[in-house]
Amino acid sequence: MGSTTFEWPRDAQAQDTAALELWLAVHGWEVDPTVFMAGGLGPAVQVRPIGGAGQDGEPGLLILPGETAVYARDRIRIAPRAAVPAACGTS
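Rules used in this analysis
Residues numbered from 1 in each chain as written. Predicted model: local features only at pLDDT ≥ 70, side-chain atom pairs only at ≥ 80, totals over all residues. Heavy atoms only, no water. Helix = DSSP H or I, 4+ residues; strand = E, 2+ residues; numbered from the N terminus. Buried < 20%, exposed > 50% of the residue type's maximum accessible area, 1.4 Å probe, protein only. Contact = heavy atoms within 4.5 Å. Areas by Shrake-Rupley, 256 points an atom, 1.4 Å probe, with all protein chains shown as cover. Phe/Tyr/Trp six-rings, centres within 6.5 Å; stacked < 30°, edge-to-face > 60°. Pairing = 2+ DSSP bridges.

A. Broad picture of the overall build of the chain. Helix and strand counts for the chain come out as one helix and six strands. Shown N-terminal to C-terminal, the secondary structure of the chain runs as helices and strands in the order β-α-β-β-β-β-β. Across the 91 residues of the chain, 29% fall into the buried class. Summarising the internal contacts of the chain: among those between residues at least 6 apart in sequence, 37% fall at separations of at least 24. Approximately 6,100 Å² of the chain is accessible, and the part contributed by carbon and sulfur atoms is 57%.

See the structure below:
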């Protein structure tokens, strides 16, 4: 069934979009062609179940540059970011 995670890179290029589209198709999802968002870290991508809204009437999910999407039980969500340790200073 393929990998359950997909890392959407910063500064994504055409080959990244093609890889994402393939990964989504395996899981019954697609890129929403009606939504395009460009940003300083690269494009964000809106994804949705193939054919429209999800089970709960959700319009889909926005994946930002540098985020990892996780597929589980017919849903896609964003993986939690690793905790960044706080800087420790001495006085």
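B. Highlighting the packing of aromatic side chains. By the definition in use, this model includes one aromatic pair. When the ring of Phe 6 is compared with that of Trp 23, the centres are 5.7 Å apart and the planes differ by 35°; the resulting orientation is tilted. Placement of the pair is Phe 6 in strand β1 (residues 5–7) and Trp 23 in helix α1 (residues 14–26), with a sequence separation of 17 residues. Trp 23 shares its class with Phe 6; the two are buried.

C. Spotlight on the pairing of strand β5 (residues 68–72). As defined by bridge partners, β1 adjoins β5 across three bridges and the pair is classed as antiparallel. What sits directly across from Glu 7, in β5, is Thr 68. Sheet topology places β5 next to strand β6 (residues 75–78); four bridges connect them, and they run antiparallel. When the sheet's bridge partners are listed, Ala 69 is paired in β6 with Ile 78. Here β5 folds back onto β6, and the loop between the two strands holds two residues, one of which, Arg 73, carries a positive phi near 55°.

D. Spatial organisation of the pairing of strand β3 (residues 45–49). By the criterion of burial, β3 is predominantly enclosed, with five of the five residues buried. Relative to strand β4 (residues 61–63), β3 runs antiparallel, the two sharing three bridges. Paired with Val 45 across the two strands is Ile 63, which belongs to β4.

E. Representation of unusual backbone geometry in the model. The backbone phi angle of Asp 11 is positive, close to 55°, even though this residue is not glycine. Summarising the element assignment, Asp 11 is placed in the loop between β1 and α1. Even without a glycine there, the phi angle at Arg 73 is positive, about 55°. Mapping Arg 73 onto the fold places it in the loop between β5 and β6.

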